[in-house]
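# Observations on the three-dimensional arrangement
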Amino acid sequence: MLVVSEEVREALAAGRPVVALESTIIAHGLPRPRNLQVALELEDAVRQEGAVPATIAVLDGQPRVGLDKEQLERVANEDGIRKLGHRDLPLAVGAGVSGATTVSATALLAAQAGVRVFATGGLGGVHREWTVTQDESADLGLLARTRITVVCAGVKSILDVPATLQRLETLGVAVAGYGTTHFPGFYLSDSGHPVDWTLESPGEVAAVMRAQDALDGPESALIVANPVPEAEQLDPELHARVLADALNACEAEGVSGQAVTPFLLGYLVRHTEGASLSANLAAVRGNVRLAGRIAAAWAGA
Ligand code: PSU
Ligand code: MN
């Protein structure tokens, strides 16, 4: 069912490092035409670290691990590309449609293909109006039962960050800061919330991954929370102000369900003159590079 590209298949068979990349950020998280440039740039960054990129999406009902340039172009530019969480995968396959995969769908397909390391921007999580909307990203539940290492800049700051950290604890998902004692804040280097564990090198991350397997507990993920460099973060004051406006606009316009995250991210881009976009890209770039180095350490290169 899963179509794994030849390059990714060969790398996996030879035990060479591979990094999975999600496609929702390309199709629904970034504006055109910048999104295609970014998709190509991220794949390049993985290669510079000596790993093979495996961008994941569903095209014409086929889940694919590893896209060629033409397929990346479709994800970036085609109208009607759906947003697919893991629950949407059988629906998209059954209907024969195309869609970009969120963290949950990407992690599931990557793990099935045998890719252990995955890089993204920020995870989904518990939304601020959770007591009313019950909106918690399917990312969290899926990561509780999928053996994968996700390198991210924390969870999106549009969320309720402490509630999300609590849910990750309840669900039994391992979380470590990379070179930091604080959980990163996606656009911001520091969310203000501490983490219990800090890892300092790709080798240390790989050792934790080996320990996860050796301990043979529930097949859960490892979250490596890698902060955006302080020089590249969004100005915290601007962030707080525009985010408050974005949350109000979201409520006033009655946006709900899958549309909430793209709406909020888009609002921030438009109302920060692109500064949130720069910070988002800086975060993703750093994560992709680190994921390449972790994949190399994991492969024993
Ligand atoms: N990180 C980004 N941009 C994004 C996302 C993450 O920098 O667009 C996407 C991811 O695919 C994540 C999804 O899984 O948003 C979460 O959406 P929801 O809150 O609807 O689960
Ligand atoms: Mn949601």
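All of the points below concern the structure found in this document. (Residues numbered from 1 in each chain as written. Chains lettered and ligands numbered in written order. Predicted model: local features only at pLDDT ≥ 70, side-chain atom pairs only at ≥ 80, totals over all residues. Heavy atoms only, no water.)

## What about the nonpolar core?
- Among the nonpolar cores identified, the biggest contains 64 residues, and L123, L143, I148, F183, I223 and L268 are the most heavily contacted of them.
- Domain assignment of the residues forming this core places at least three in each of domain 1 (1–115) and domain 2 (123–301).
- When residues no more than four places from it in sequence are discounted, the contact partners of L123 are V103, D139, L143, V150, C152, G154, V155, K156, L159 and I223.
- Grouped together as the second largest cluster of nonpolar side chains are 37 residues, I25, Y178, L222 and A295 included. (Core = buried A, V, L, I, M, F, W, Y, C linked by side-chain atoms within 4.5 Å. Buried < 20%, exposed > 50% of the residue type's maximum accessible area, 1.4 Å probe, protein only. Domains from an automatic or database assignment. Contact = heavy atoms within 4.5 Å.)

## Some words on the pairing of strand β2 (residues 18–21)
- Across the two faces of β2 the burial is the same, with V18 and A20 and V19 and L21 all buried.
- When β2 meets strand β3 (residues 52–59), the two strands line up parallel, connected through four bridges. Within β3, the position partnered with V19 by the bridge is P53.
- In this structure, β2 lies alongside strand β7 (residues 117–119), joined through three bridges in parallel fashion. Of the residues in β7, the one forming a bridge with A20 is F118. (Helix = DSSP H or I, 4+ residues; strand = E, 2+ residues; numbered from the N terminus. Pairing = 2+ DSSP bridges.)

## Some details on the site of ligand 1
- Taken together, 17 residues surround ligand 1, and among them E22, K83, S137, D139 and T261 come closest.
- Residue T261 places a side-chain N or O atom 2.8 Å away from an oxygen atom belonging to ligand 1.
- Within the side chain of N280, one N or O atom sits 3.3 Å away from an oxygen atom of ligand 1.
- The fraction of the free accessible surface of ligand 1 (480 Å²) that becomes covered by protein chains is 94%.
- More than half of the atoms belonging to ligand 1 lie within 2 Å of the grid points that define the largest pocket.
- Elements that contribute at least two residues to the shell around ligand 1 include exactly α2 (24–29) and α12 (260–271).
- If you tally residues by element for the shell around ligand 1, the top one is α2, at three residues.
- A per-class count over the shell around ligand 1 returns four nonpolar, nine polar and four charged. (Near = heavy atom within 4 Å. Polar contact = N/O pair within 3.5 Å; in protein donor to acceptor, adjacent residues only side chain to side chain. Areas by Shrake-Rupley, 256 points an atom, 1.4 Å probe, with all protein chains shown as cover. 1 Å grid on protein atoms, 1.4 Å probe; cavity = no way out; pocket = protein on both sides within 12 Å on 5 of 7 lines; lining within 4 Å. Sits in = over half its atoms within 2 Å of the grid points. Nonpolar A, V, L, I, M, F, W, Y, C, P; charged D, E, K, R; others polar.)

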